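So the chains spell out like this:
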Amino acid sequence: MKLNCSRPGLAWTSSKWGLVGLLAGLILPGPLWAGIYSTVVSPPRFELEAKPGEVKRSFLRIGNSGQGPASFRLRSADWDLGPDAGVTIHPVELRADSCRPWVRLERPVLSVPPGGEKKFRFEVRVPEEAGDGECRFAILIEVPEDAHDLVSAGNIKFPVAGRIAVIVYLKIGQAQATLQVGQMQIQQKPQGLVPMVEFHNPGQAHGRPRGLLKGVDGQQRPFSLLVSPLPVLPGETRWIPMWPKQANGDDIDFTIQPPARISGEIIWDGGKVAVEQILN
């Protein structure tokens, strides 16, 4: 069973050489946008449940907003979630704990007419002997290798192999998340100082914390903290950001000064926990 799972919903990835960062500074030629860049995929992720021995079927919608027909290659993949909540797609080979042998995709190639949309069906055949746990995989939507566009950067031309990854979570049997709240800290992040909360999940399925905590900082100024609903995978310890807000939902206009007293309740599907902590 898969126990490692673009965001943890719809992920955007590129070909080797780290092209996403490079493309941000380029003007892309028209034909490129007729491929993966004009693709609309819904939903961004699946959170499903099944019993041992059950065949779970579902579908996603793939739309083409471009002016020409689009052709895509589709396959399943294993993935991991990094400390920054970024998704790493693994090579095509099966990981040791992969549940991808359970997965059946409708077809390996799909063509969508300009301005059109098609359903793409998939199913997961859960074995009878499967225990409680969680199957996690990605469905990759890629431009076929013979349709890669060339992008110019000065005198250099290189292929772009963009792809979209739709993440699938499938809870098996009675699997549930069990989120435990650890430390709370104000940490330095690229966007500045961010209140963070540590979660540990000893459960058998991922959990997404939610909550709006109330706080008063060291200068007795009230504020709220919106807990980000990022996934915490089974067996994982993860730091989750909490975004400071005013009572009306707007961002606060001051820097939280420690020590700040935080209280409230954090919930997730299947559980909740009361919070009463000092934020330093």
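Worth saying up front: this structure is predicted, and the values here are computed from it rather than measured.

Thresholds applied
- Residues numbered from 1 in each chain as written.
- Predicted model: local features only at pLDDT ≥ 70, side-chain atom pairs only at ≥ 80, totals over all residues.
- Heavy atoms only, no water.
- Helix = DSSP H or I, 4+ residues; strand = E, 2+ residues; numbered from the N terminus.
- Contact = heavy atoms within 4.5 Å.
- Polar contact = N/O pair within 3.5 Å; in protein donor to acceptor, adjacent residues only side chain to side chain.
- Buried < 20%, exposed > 50% of the residue type's maximum accessible area, 1.4 Å probe, protein only.
- Pairing = 2+ DSSP bridges.
- Axes fitted to C-alpha atoms, helices over the stretch in contact; angles between N-to-C directions.
- Disulfide = S-S within 2.5 Å.
- Salt bridge = Lys/Arg side-chain N within 4 Å of Asp/Glu carboxyl O.

(A) Looking closely at the environment of Arg125. Tracing the sequence through the fold places Arg125 in strand β10 (residues 117-125). A C-alpha to C-alpha distance of 8.8 Å links Arg125 and Pro52, two positions 73 residues apart in sequence. The contact partners of Arg125, leaving out residues within four places of it in the chain, are Glu54, Val55, Arg57, Trp102 and Arg104. Polar side-chain contacts of Arg125 include one of 2.8 Å to the side chain of Glu123.

(B) Quick look at the pairing of strand β16 (residues 192-200). For β16, a buried count of seven out of nine residues is recorded, marking the element as mostly surrounded by other parts of the structure. From the end of strand β15 (residues 180-189) to the start of β16, which pair antiparallel, there are two residues. Relative to strand β19 (residues 237-245), β16 runs antiparallel, the two being bridged by five bridges. For Met196, the partnering residue across the bridge sits in β19 and is Pro241.

(C) Main features of the side chain of Glu134. Here Glu134 shows up in strand β11 (residues 133-142). For Glu134, a relative accessible area of 0% translates into the label buried. Of note is the side chain of Glu134, whose polar atom sits 2.5 Å from the side chain of Arg136.

(D) Main features of unusual backbone geometry. Here the residue pair Ser42 and Pro43 is connected by a cis peptide bond, since its omega of -5° sits within 30 degrees of zero. Omega for the bond connecting Pro258 with Pro259 falls within 30 degrees of zero, at -5°, which places this linkage in the cis form. Tracing the backbone shows Pro259 in the loop between β19 and β20 (260-268). The backbone phi angle of Ala85 is positive, close to 70°, even though this residue is not glycine. Mapped onto the elements of the fold, Ala85 is located in the loop between β6 (79-81) and β7 (87-89). In this model, Gln220 sits at a positive phi of 65°, which is unusual for a non-glycine residue. Counting through the fold element by element, Gln220 comes out in the loop between β17 (212-216) and β18 (222-227).

(E) Just the sheet that holds β17, in detail. Spatial ordering of the open sheet is given by β15-β16-β19-β18-β17-β20-β21, a layout of seven strands whose pairing is antiparallel. Looking at the sheet topology across the chains shown, the edges are occupied by β15 and β21 (271-279). In this sheet, adjacent strand axes meet at a mean angle of 25° when their direction is disregarded.

(F) Looking closely at the state of the cysteines. One pass over the structure, following the stated rule, counts one disulfide. Here Cys99 is linked by a disulfide to Cys135, with a sulfur-sulfur distance of 2.0 Å. The sign of the 70° torsion about the S-S bond sets the Cys99-Cys135 disulfide as right-handed. Taken together, the residues span a long stretch of sequence, with Cys99 in the loop between β7 and β8 (103-105) and Cys135 in strand β11 at a distance of 36 residues. The pair Cys99 / Cys135 is uniform in exposure class, with both members buried.

(G) Fine view of the pattern of salt bridges. Inspection of every chain in the model, using the stated rule, returns 17 salt bridges. Put simply, Arg100 and Asp78 hold a salt bridge, and the shortest N to O gap is 3.2 Å. Placement of Arg100 in the loop between β7 and β8 and of Asp78 in the loop between β5 (70-77) and β6 is noted, with a sequence separation of 22 residues between them. Arg100 gets classed as buried once you look at its relative accessible area, which sits at 10%. On the basis of relative accessibility, which here comes to 0%, the residue Asp78 falls in the buried class. Of the charged contacts, one joins Arg121 and Glu106 as a salt bridge, the two residues approaching to 3.6 Å between their closest N and O atoms. Remark: Glu106 occurs in the loop between β8 and β9 (109-112) and Arg121 occurs in strand β10; sequence separation between them is 15 residues. The class of Glu106 is partly exposed, set by a relative accessible area of 32%. The network of salt bridges with shared partners includes Arg73, Arg75, Glu142 and Arg163.

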